[in-house]
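Summary of structural features
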Amino acid sequence: MGKWRDGSGTLTVGTDSGAREVPLRIAASYRARARGLLGVDGVDGALLITPCGSVHTFRMRFAIDVAYLDRAFNVLAVRTMKPGRLGLPRLRARHVVESEAGAMERWGLRPGTRVRVSVPVTEVSPPVR
């Protein structure tokens, strides 16, 4: 996908016939990755943190589901973490998706699943001459 930027997008879980689209917030800058879901009471959809290989839930207000993804967006592991926990680092993980606890099970997200991330294309106006 090239260089990631902070913003929004869509996380697609599953195949065409049973695909589930989830609103996604992308945290790619150092500041956005460090903040993550801290200071919020819930999340509508999911948060993609990239690059990322491990997470923690210190100072969080609610339990979360965490999916570790490899470079090709294959799910390596899915864990539910209560507040105040430190997750184990995943050596092959390049991205992490976070959501409210129980959401990933409803979406059918499990190890071995491949997900797709879509970001809106920003139109670039041609240079003025």
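Structure's up top.
Residues numbered from 1 in each chain as written. Predicted model: local features only at pLDDT ≥ 70, side-chain atom pairs only at ≥ 80, totals over all residues. Heavy atoms only, no water.

1. Some remarks on the pairing of strand S3 (residues 46-49)
Taking every second residue as pointing to the same face, both faces of S3 are buried, with Ala46 and Leu48 on one and Leu47 and Ile49 on the other. Where strand S2 (residues 20-27) meets S3, four bridges bridge the pair, whose relative direction is parallel. When the bridges of S3 are listed, isoleucine 26 appears paired with leucine 48. Relative to strand S6 (residues 95-100), S3 runs antiparallel, the two sharing three bridges. Following the sheet pairing, leucine 48 is matched in S6 by valine 97. (Buried < 20%, exposed > 50% of the residue type's maximum accessible area, 1.4 Å probe, protein only. Helix = DSSP H or I, 4+ residues; strand = E, 2+ residues; numbered from the N terminus. Pairing = 2+ DSSP bridges.)

2. Focus: the pattern of salt bridges
Pairs may arise between side chains of opposite charge once their charged atoms sit close together. Scanning the model with the defined rule gives two salt bridges in all. Close ionic contact of arginine 61 with aspartate 41 constitutes a salt bridge, the shortest N to O distance being 2.8 Å. Of the two residues, arginine 61 sits in the loop between S3 and strand S4 (64-69) while aspartate 41 sits in the loop between helix H1 (30-35) and S3, which places them 20 residues apart along the sequence. Overall, the relative accessible area of 51% leaves arginine 61 in the exposed class. Judged by its relative accessible area of 63%, aspartate 41 is exposed. (Salt bridge = Lys/Arg side-chain N within 4 Å of Asp/Glu carboxyl O.)

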